[in-house]
Amino acid sequence: MKRTFEEDLQRAISFHGHLCGGQLTGVRMARYALNYFGIEDPDTYRDLVVYVECDRCLTDAIMTVTNCHPGKRRMKLMDFGKQSAVFYDIASDQAIRLTNISEKAPKDVDIKEWFAQRSDEDLFRVQRVKLHITEYDLPGRPKSHTRCEECGDEITDGREVTDESGRTLCRYCAGNRYYELIDEL
């Protein structure tokens, strides 16, 4: 790989703000996947997509090491509350899922040293997986645009819902709400 482990760890710490077990796990996980797919320079490689299964420290580390970002549609947040991630290589149409299986480092040890003493096999369960991905999930410009017939918001990339009467709705108007509208400003 183009960068050393220490360089990747420093990038992750700089972005995230501190060193922790999630940073070390994420850096190791990302480097494992990059090595598995033979990706030498993740800063220039554009065919990797990562589905991260938590919204914690691990996510920041994976993002900085792989250079996969949500805004580039190369990182997807699937918040299952698990320290797991699926790495999908578009070019080879192959995917692997890594899950943290290690116990937590004791509080009274040097965390970097503790992680350095563990093999990848001690840290991760690695599985080859088949990813359920559509053209709408891939990086690049939006593949489709439509409008919600209820609120008028634009919906891209097949995220619309068709209700029982055949109307095209955004997920919010179809009842999948994570906020409640108070009023317009």
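Above this text sits the structure in question.
Residues numbered from 1 in each chain as written. Predicted model: local features only at pLDDT ≥ 70, side-chain atom pairs only at ≥ 80, totals over all residues. Heavy atoms only, no water.

Draft legend 1. Quick look at the nonpolar core. Judged by nonpolar contacts, the single largest core of 30 residues is most densely connected at M29, L48, V50, V52, I62, A85 and F87. Broken down by secondary-structure element, the contributors of at least two residues to this core are α1 (5-16), α2 (21-37), β1 (48-52), α3 (57-66), β3 (84-89), β4 (94-100) and α4 (111-116). Here the element with the most residues in this core is α2; it accounts for seven residues. Dropping the residues within four chain positions of it, I62 is found in contact with G26, M29, A30, V50, V52, N67, M75, A85 and F87. (Core = buried A, V, L, I, M, F, W, Y, C linked by side-chain atoms within 4.5 Å. Buried < 20%, exposed > 50% of the residue type's maximum accessible area, 1.4 Å probe, protein only. Helix = DSSP H or I, 4+ residues; strand = E, 2+ residues; numbered from the N terminus. Contact = heavy atoms within 4.5 Å.)

Draft legend 2. Representation of the sheet that holds strand β5 (residues 124-129) in the model. An order of β2-β1-β3-β4-β5 is seen for the five strands of this open sheet, with the pairing classed as mixed. At either end of the open sheet lies a strand with only one pairing partner, and these are β2 (75-77) and β5. Looking at each pair of strands side by side, their axes are set apart by 20 degrees on average, direction ignored. In this structure, β4 lies alongside β5, joined through six bridges in antiparallel fashion. Opposite I96, over in β5, you have R128 as the bridge partner. Where α2 meets the sheet, its contacts fall on β1, β3, β4 and β5, and the angle it forms with β4 comes to roughly 155 degrees. Along the sheet face, α3 touches β1, β2 and β3 and points at about 175 degrees away from the line of β1. (Pairing = 2+ DSSP bridges. Axes fitted to C-alpha atoms, helices over the stretch in contact; angles between N-to-C directions.)

Draft legend 3. Structural detail: the packing of aromatic side chains. By the definition in use, this model includes four aromatic pairs. Note on Y172 and Y179: the rings are 4.5 Å apart at their centroids and 15 degrees apart in plane angle, and the pair reads as stacked. Y172 sits in the buried class, given a relative accessible area of 19%. By relative accessible area, which is 40% here, Y179 ends up partly exposed. Feature note: the residues Y172, Y178 and Y179 constitute an aromatic cluster, connected by ring pairs. The side chain of R177 reaches across the aromatic face of Y172, ending 4.4 Å from its centre. (Phe/Tyr/Trp six-rings, centres within 6.5 Å; stacked < 30°, edge-to-face > 60°. Lys NZ or Arg CZ within 6 Å of the ring centre and 35° of its normal.)

Draft legend 4. Representation of the environment of C170. Tracing the sequence through the fold places C170 in the segment after β9 (168-169). Separated by 108 residues in sequence, C170 and I62 have C-alpha atoms that sit 30 Å apart. Those residues in contact with C170 that sit more than four places away from it in its chain are C148, C151 and I155.

Draft legend 5. Focus on a nonpolar patch on the surface. Judged by side-chain polarity, Y178, Y179 and L181 come together as a nonpolar surface patch covering roughly 410 Å² of accessible area. When you line up the elements, Y179 lands in the segment after β9. (Patch = residues over 30% accessible without salt bridge, like charges linked within 9 Å, V, L, I, M, F, W, Y side chains within 5 Å. Areas by Shrake-Rupley, 256 points an atom, 1.4 Å probe, with all protein chains shown as cover. Salt bridge = Lys/Arg side-chain N within 4 Å of Asp/Glu carboxyl O.)

Draft legend 6. Up close: the state of the cysteines. In this structure the tally under the stated criterion is zero disulfides. Here C148 is not cross-linked by a disulfide; its sulfur's nearest cysteine counterpart is in C151, at 3.7 Å. Taking relative accessible area as the criterion, C148 reaches 4% and is therefore assigned buried. (Disulfide = S-S within 2.5 Å.)

Draft legend 7. Broad picture of the packing of α2 against α3. Packing of α2 against α3 brings their axes to within 7 Å, and their N-to-C directions diverge by 40 degrees. The pairing of α2 with α3 is recorded here as oblique in orientation. Seen from above, α2 lies across α3 with right-handed handedness. Residues G22, Q23, T25, G26, V27, M29, A30, R31 and L34 of α2 touch α3, and the partners they reach there are C57, L58, D60, A61, I62, V65 and T66. (Parallel < 35°, antiparallel > 145°, perpendicular 65-115°, else oblique. Left-handed = near helix turned anticlockwise from the far one by under 90°.)

Draft legend 8. Local environment of the side chain of D163. Mapping D163 onto the fold places it in the loop between β8 (161-162) and β9. What makes D163 buried here is its relative accessible area of 15%. Only 2.8 Å separates the side chain of D163 from the backbone nitrogen of R167, close enough to count as a polar contact. (Polar contact = N/O pair within 3.5 Å; in protein donor to acceptor, adjacent residues only side chain to side chain.)

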